[in-house]
Amino acid sequence: MKKLAILVSGRGSNMSAIIDACEQDRISASVEIVLSNNADAKALSIAKEKRINTVYISSQTHTNPEQLDAVMRNTLLKHNVDLIILAGFMKKIGPKVLSEFEGKILNIHPSLLPKYGGKGFYGMNIHRAVVDAGDKESGATIHLVCGDYDDGKILAQETVTLNEEDTPESLAKKILKIEHGLYVKTIQEIIEERIIL
Ligand code: GRF
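Report follows, based on the coordinates. (Residues numbered from 1 in each chain as written. Predicted model: local features only at pLDDT ≥ 70, side-chain atom pairs only at ≥ 80, totals over all residues. Heavy atoms only, no water.)

1. Notes on helix α1 (residues 13-23)
Then, in step 1: By the criterion of burial, α1 is predominantly enclosed, with eight of the eleven residues buried.
Then, in step 2: Buried within α1 we find Asn 14, Met 15, Ser 16, Ala 17, Ile 18, Ile 19, Ala 21 and Cys 22.
Then, in step 3: Buried-residue contacts for α1 involve β1 (2-8), β2 (29-36), α2 (42-49), β4 (83-87), β5 (105-109) and α6 (168-191).
Then, in step 4: Positioned one or two residues after α1, Asp 25 has a phi angle of 60 degrees, which is positive. (Buried < 20%, exposed > 50% of the residue type's maximum accessible area, 1.4 Å probe, protein only. Helix = DSSP H or I, 4+ residues; strand = E, 2+ residues; numbered from the N terminus. Contact = heavy atoms within 4.5 Å.)

2. Observations regarding the pairing of β5
Strand residues, when the strand is regular, have side chains that alternate between the two faces of the sheet.
Then, in step 1: Most of β5 sits out of view: five of its five residues are buried.
Then, in step 2: Both faces of β5 are covered, namely the face carrying Ile 105, Asn 107 and His 109 and the face carrying Leu 106 and Ile 108.
Then, in step 3: As defined by bridge partners, β4 adjoins β5 across three bridges and the pair is classed as parallel. The residue bridging Ile 85 from the neighbouring strand is Leu 106, located in β5.
Then, in step 4: Regarding topology, helix α4 (residues 95-100) serves as the crossover connection from β4 to the parallel β5, and that connection is right-handed. (Pairing = 2+ DSSP bridges. Right-handed = clockwise from strand over helix to strand, strands pointing away.)

3. Comments concerning the layout of surface pockets
Then, in step 1: Quantified by volume, the largest pocket comes out at close to 940 Å³.
Then, in step 2: Elements supplying a minimum of two residues to the lining of the largest pocket: α1, β4, β5, α5 (124-133) and α6.
Then, in step 3: With five residues, α6 is the single largest residue contributor to the lining of the largest pocket.
Then, in step 4: Looking at the lining of the largest pocket residue by residue, the class counts come to 18 nonpolar, 14 polar and eight charged.
Then, in step 5: Here the lining of the largest pocket spans two domains, since at least three of its residues come from each of domain 1 (1-102) and domain 2 (108-197).
Then, in step 6: Empty space within the second largest pocket amounts to approximately 240 Å³. (1 Å grid on protein atoms, 1.4 Å probe; cavity = no way out; pocket = protein on both sides within 12 Å on 5 of 7 lines; lining within 4 Å. Points joined across faces, edges and corners; volume = space filled by probe spheres on them. Nonpolar A, V, L, I, M, F, W, Y, C, P; charged D, E, K, R; others polar. Domains from an automatic or database assignment.)

4. Some details on the packing of aromatic side chains
Geometrically, a pair of aromatic rings is defined through the distance of the ring centres and the angle of the planes.
Then, in step 1: Taken as a whole and assessed by the stated rule, the structure comprises one aromatic pair.
Then, in step 2: Relative to Phe 121, the ring of Tyr 116 has its centre 5.7 Å away and its plane inclined at 90 degrees; by these criteria the two rings are edge-to-face. (Phe/Tyr/Trp six-rings, centres within 6.5 Å; stacked < 30°, edge-to-face > 60°.)

Functional significance is not addressed by these values, which are geometric in nature.
Below, the structure written as structure tokens:
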């Protein structure tokens, strides 16, 4: 049985989908720890209700970035995690965590990377840029996390089609709908070694 850590900053709908899939054996893993850099994240209270270990670590709890990175690494090591799942985590991963867990950190991004990735492309900015460009499709990408934002090997993608009436808001909803299934499926494929990291 693999052990997962989920890193969150916000509402945590991807986190909830992954927790449910673990509980229902659609993912052969257990969620050992949910870590948030935002004390008020809805995701944190959802995880607490589910009696999952939670931890809040941020630049407020640890003002020194190196120390923050070390505490994160130690927390993840203590829980013996096999995979780290970023689910709406809004902070860059530090070098200590990156080198300790190289090739074991996944992220989901709401565009068809490499399009609309990198600095500045987050949240509604992404969907606004896609609609403004008149693209006919967008989607979600699961990729390995390396040093740069939204870089790293692409592991899975799913496409959604835009229509004339789509707004950034409607596109965001469309993509979020497919994210949950794509994340669950991809994590299980990694565990079954059908996707090799
Ligand atoms: C998702 O759109 C994901 O693609 C992006 O952040 C959002 C997280 O949503 N990385 P949630 O917190 O999982 O609901």
